[in-house]
Amino acid sequence: MRLLRLFLASSVCFVLGAYDCAFAQTPLPSFPLYCQGPLQTGPPAQPTLTPYTWASQGAGAANPAPGQCVWADRGPRPGEMVGGDGNSICDWSGSFSNLGAGQFLEVGVYRDPAVNNCMHLTHYIGIVSPPFSAVPALPPFVRQSIATLSATQIASLRHGIQVMMSRQTTDPTSYRFQANIHGTYDTTTTSQESQAWDQCEHGSFYFFSWHRMYLYFFDRILRTASGDPTLVLPYWNWGDPSQRSLPSAFWQPSDSTNSLYIAPPGRPTALDNGTAQLDAGTVDFSNAFGYTNFESANGSGLSFGGQEASAMQFNFPHGELESQPHDVVHGALGGLMDDPDTAAQDPIFWLHHANIDRLWNRWLQQGGGRQDPLNDSAWMNTTFEFFDEAGHAVDLTGSQIIDTVGELNYRYDDDPTTMAQFHPVQFHPTPVSPRLILKTLATSQAGAARIQLSGEPVSVSVPLPENAVSQLRAFIEHKVENKIILQLNDIQYERARGIYYEIYIDPPKGEKVNFHSPYYVGSLSFFALKPHSMAGHPVAPRSSVFTEYDISKQVRDLSARGAWNPKEMSVILVPRGLVRRNGEPLPLPAGIAGTLGRVTIATQ
Ligand SMILES: [Cu+2]
């Protein structure tokens, strides 16, 4: 009903073409429905449905009658009594089965076009008695920082995860099935598993939208599993310096009674005993927030949200926020979290991604032209499949997840109360850009051995041929304004293991560098940097894996400092990982973590 309205509104905007087009504030999707017992759940084939009859007028002292339901403030409109499961409440049937005659139940619902138009239960409010409140809409769920959760809320979160973990893997609402949707080494045993697993989107502008959908359904399944209608998935705000260690609920107690606990080697011991935390540089997102464009051309990761590329599980290069802090936090945490095929097995995964999802809202809030790729019909209309709390397959598209309050019924505790800025304001349909081809200026020694990345810093020399020097000079002197780009090419590794690399250009010899240094350009994490594809797409060669960094500013700074060396550029990779609470680095894993085929300096 509401989605249709949104669609109509956007069609009108498309017709208006280049005119700016703002939506009126859309109503919240959840409305209070009052029912009187007894209500009976559907036949054995549909045990998750609760059919009912509409009362003719709004809830009052003697209304609805036994077996009936109705809105708070009015009777049903003709269009509301629809076919399919239109007069059925879907999911959570157990809540209704014990309701006796003379008892009234208040719930929050919205009509769910994804599940045969049933009245989808969003809020369970409980037994009420007249007079009923006539509030026409219910507030959305609020995702809170884990640091603000009460002991009761933590207990509820643990219980929900534990119930999901106790379900059979073949059940789409089980914890393992849900984790495997992201990625897995498990062998599939059903066709549903083959179709649903290994679907995560990395390295394209679907990264944000796919993970928002994934968390949305996980949150619904978790709430139902917990039996607590007020439970909402929290987020881990590692951006706050006081919250950089693993939230204590995840490691205290450190035994099997705590469903949030993962024993080593699933997590590094230092995380699980509270001695380690994420470094300030690991969680820094200032670079990504500086970008005002959500998407970049196919082949370029220089945008907040990633390249316009086809939906496939792992693509390259990654967008800016995906790369840092998303990938880098995965990389620093190590253990299960450092591999897309195991990451979601650690319950901290969901809180890490809720924070990434929250940062998407914080980025939009910066304004300055930042907006979602509403003009891109592929981003708006590509369908992804998930499962709801009843185990039904459900589809979502980008256009259905832009406004978390109006479309998905949740908000973050620090979202502004008015969500107007999250609504589309402009429609300028644009054709998909062709794949961006960069001009290579210089590359590290051809034919040399692969560059080995270990627990020690590595310096890679990139000799500058004459042509590169003249082009870089023209750039330094502002005669041309093309971006200068650093690429790390042909990245190979076997299994990631809790290490990532900060990258610096020509730092002064002997100077102790960190991510605040002017020579810092970004970081390399191995997370999701492996060719891997969904059924029907060919697997890309490993040599095609690369990351890229805009080094325009660093190149001009070099010259301004008088440190510009026209013979070569030195690219330094400094290994990083978890740190102690006092900021001292913890020992890094020994041996070779991965290798690079070459380092390239290029221009657009
Ligand atoms: Cu992730």
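What counts and what doesn't
Residues numbered from 1 in each chain as written. Predicted model: local features only at pLDDT ≥ 70, side-chain atom pairs only at ≥ 80, totals over all residues. Pairing = 2+ DSSP bridges. Helix = DSSP H or I, 4+ residues; strand = E, 2+ residues; numbered from the N terminus. Axes fitted to C-alpha atoms, helices over the stretch in contact; angles between N-to-C directions. Contact = placed C-beta atoms within 7 Å. Expected span 1.5 Å × (residues − 1). Buried ≥ 20, exposed ≤ 12 C-beta atoms within 10 Å, placed from the backbone. pLDDT = per-residue confidence, 0-100. Parallel < 35°, antiparallel > 145°, perpendicular 65-115°, else oblique. Nonpolar A, V, L, I, M, F, W, Y, C, P; charged D, E, K, R; others polar. Arc of directions from axis to C-beta.

### Some points on the sheet that holds strand β2 (residues 49–51)
An order of β2-β5-β7-β6-β1-β4-β3 is seen for the seven strands of this open sheet, with the pairing classed as mixed. This sheet does not close on itself; its edge strands, each paired only once, are β2 and β3 (53–54). Note: strand β5 (residues 88–90) against strand β7 (residues 118–128), two bridges, orientation parallel. Each bridged residue has a counterpart across the sheet, and for I89 the counterpart in β7 is M119.

### Some thoughts on the sheet that holds strand β19 (residues 500–505)
One open sheet holds the four strands; their spatial order is β17-β22-β19-β20, and the pairing between them is antiparallel. Strands with a single pairing partner mark the edges of an open sheet, and in this sheet they are β17 (458–463) and β20 (520–525). Within the sheet, the average angular offset between the axes of one strand and its neighbour, ignoring direction, is 25°. Along the sheet, helix α9 (residues 320–333) makes contact with β19 and β20, crossing β20 at roughly 50°.

### Regarding helix α6 (residues 206–226)
With 21 residues, α6 ought to run about 30 Å at 1.5 Å a step, and its terminal C-alpha atoms sit 30 Å apart, in line with that. Counting buried positions along α6 gives 21 out of 21 residues, so the element sits mostly inside the fold. G227 occupies a position one or two residues after α6 and carries a positive phi of about 75°.

### Let's talk about the confidence of the model for the protein
A residue-level look at the protein finds 90% of positions with pLDDT of 70 or above and a mean pLDDT of 86. Long-range and interchain partners of residues 1–28, a stretch whose pLDDT sits below 50, account for 31 contacts in this model, where long-range means more than four residues apart.

### Let's talk about the packing of helix α13 (residues 466–476) against helix α14 (residues 552–560)
Running from N to C, α13 and α14 point in directions that differ by 85°, and their axes come no closer than 10 Å. When the axes of α13 and α14 are compared, the pair comes out roughly perpendicular. Between α13 and α14, the residues in contact are L472, F475 and I476 and V555, R556 and S559, respectively. Of the residues assigned to the contact of α13 with α14, the class counts are four nonpolar, one polar and one charged.

### Looking at α14
For α14, the set of buried residues is Q554, V555 and L558. Buried residues in α14, looked at end-on, bunch into an arc of 100°, giving them a common side. Among the exposed residues of α14, those oriented more than 90 degrees off its buried face are K553 and A560. Along its buried surface, α14 packs onto α13, β18 (484–492), β19 and β20. Downstream of α14 by one or two residues, G562 has phi in the positive range, about 75°.

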